[in-house]
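# Summary of the model geometry
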Amino acid sequence: MMQLETSRLILRPWCDSDAQALYRWARDPEVGPSAGWAPHTSVENSREIIRTVLSEEGTFAVLLKGGDGGPIGSVGVFPTAIPVGKGEPEIGYWIAHPYWGQGLVPEAVEELLRWQFQEMGVQRVWCAHSPENEKSRRVQEKCGFRHVCDTPPSPWPDGTERPGVCQAITRQEWEVRHGG
């Protein structure tokens, strides 16, 4: 099982035993809908999401080092659906409301970028957000993503249709930011 670490975080694969912690945070109506998914309805619903969505390779539970051990969010890398980025990776993320504004998501995203550029050898990584999701936009800006295009409204996992703001960072741009 692959695990990544930052100064404050452990990123590790999700497991069934994380269902209670996932439900604790994912039932919050301020968390899921901004990322395009409905709040979780039960521990069993969270367990099913772990098995069917969060168990995908490249998806990680976010844990605080020295914390109680339970996940406080999720980050992942998956093939992008953005037409101009076909075949390239995209990063997605969310974090529990009590941890907003602490720089934890940018820290996790930076580690995924390092992994993708240095270990996987990719040349460009994508991120997207809905126009009204200012928190996500700020995360992407902090990590060096730049605006590439906007997309027309399309279906989101929660059944709504929303436009998208598509941003990317190249390996060269990332290396310049990190002195490499």
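Residues numbered from 1 in each chain as written. Predicted model: local features only at pLDDT ≥ 70, side-chain atom pairs only at ≥ 80, totals over all residues. Heavy atoms only, no water.

As recorded in an unreviewed UniProt entry, the chain goes by the name GNAT family N-acetyltransferase, listed as coming from Brotocaccenecus cirricatena.

Before going further, it helps to examine the nonpolar core. One finds Leu 11, Ile 91, Val 109, Leu 112 and Leu 113 to be the most contacted residues of the largest nonpolar core, which totals 41 residues. Contributions of two or more residues to this core are made by β2 (9-12), α1 (19-26), α3 (43-54), β3 (59-64), β4 (73-79), β5 (89-95), α4 (104-119) and β6 (124-129). Broken down by element, the residue count for this core peaks at 8 residues, all from α4. Look past the residues within four positions of Val 109 in its chain and what remains in contact with it is Ile 91, Tyr 93, Val 139, Cys 143 and Phe 145. Counting 5 residues, the second-largest nonpolar core is a separate cluster that includes Ile 82, Trp 126, Cys 149 and Ala 168. (Core = buried A, V, L, I, M, F, W, Y, C linked by side-chain atoms within 4.5 Å. Buried < 20%, exposed > 50% of the residue type's maximum accessible area, 1.4 Å probe, protein only. Helix = DSSP H or I, 4+ residues; strand = E, 2+ residues; numbered from the N terminus. Contact = heavy atoms within 4.5 Å.)

Turning next to the UniProt feature "domain: N-acetyltransferase" (unreviewed entry) in the chain. The UniProt record marks residues 9-172 with the feature "domain: N-acetyltransferase" (unreviewed entry), using the residue numbering of this structure. Across residues 9-172 one finds 31% helix and 30% strand; the C-alpha atoms that close the span lie 26 Å apart. (UniProt positions renumbered as here; feature names shortened; annotations may be inferred.)

Moving on: the state of the cysteines. Under the criterion given, the structure shown has 0 disulfides. Unpaired in terms of disulfides, Cys 149 finds its nearest cysteine sulfur in Cys 166, a separation of 3.9 Å. (Disulfide = S-S within 2.5 Å.)

When you tally the buried positions in β3, you get 5 out of 6 residues, the bulk of the element. Note: β2 against β3, 4 bridges, orientation antiparallel. The residue bridging Leu 11 from the neighbouring strand is Val 62, located in β3. Here β3 pairs with β4 via 4 bridges, running antiparallel. Counterpart to Val 62 in the pairing with β4 is Gly 73. (Pairing = 2+ DSSP bridges.)

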